[in-house]
Amino acid sequence: MDPYTTAPGRSRWRRGVYAAGLVIPFTASQLWALLVLLRLAPLDGLVGQAFVLVLVGSAVAIWAGWRWTWQLGRDREPEPAPKTRIPT
């Protein structure tokens, strides 16, 4: 038995489902908040500029969340075997 083997990892499907369970409600709340702002706020002057910043920030946050979900759910290449220890 090799003492340097790693423990078996959790399944990628389960990690992806858990991550999606976090990201889907976040995405829905971001889109809902943007629609509320778009409907209620007049988009002239500083309010319009602030809305553009909020829109860009929300898009980046949603992209980062889905990217994180994708990375957790995809297959990873196996890690290389650890190098043998040098006796001291």
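Relevant structure appears above.
Notes on the structure in this doc start here. (Residues numbered from 1 in each chain as written. Predicted model: local features only at pLDDT ≥ 70, side-chain atom pairs only at ≥ 80, totals over all residues. Heavy atoms only, no water.)

Secondary structure assignment for the chain yields two helices and zero strands. Expressed as a percentage of its 88 residues, the buried residues of the chain come to 18%. Sequence separation of at least 24 residues holds for 74% of the intrachain contacts in the chain that already meet a minimum separation of 6. For the chain, the exposed area adds up to about 7,800 Å²; of that, 67% sits on carbon and sulfur atoms. (Helix = DSSP H or I, 4+ residues; strand = E, 2+ residues; numbered from the N terminus. Buried < 20%, exposed > 50% of the residue type's maximum accessible area, 1.4 Å probe, protein only. Contact = heavy atoms within 4.5 Å. Areas by Shrake-Rupley, 256 points an atom, 1.4 Å probe, with all protein chains shown as cover.)

The residue Ser 58 is located in helix α2 (residues 46-73) in this model. For Ser 58, a relative accessible area of 6% gives the class buried. Reaching out from Ser 58, the side chain makes a polar contact with the side chain of Gln 30 at a distance of 2.6 Å. Aside from chain neighbours lying at most four places away, what touches Ser 58 is Gln 30 and Leu 34. (Polar contact = N/O pair within 3.5 Å; in protein donor to acceptor, adjacent residues only side chain to side chain.)

The next subject is the environment of Gly 48. Its location among the elements puts Gly 48 in helix α2. On the accessibility criterion, Gly 48 (12% relative accessible area) is buried. Between the C-alpha atoms of Gly 48 and Leu 38, which are ten residues apart in sequence, the distance is 9.6 Å.

A few words now on α2. In a regular helix each residue adds 1.5 Å, so 28 residues correspond to 40 Å; α2 covers 41 Å between its end C-alpha atoms and thus fits that length. Taken together, the buried positions of α2 are Gly 48, Phe 51, Ser 58, Ile 62, Gly 65, Thr 69, Leu 72 and Gly 73. (Expected span 1.5 Å × (residues − 1).)

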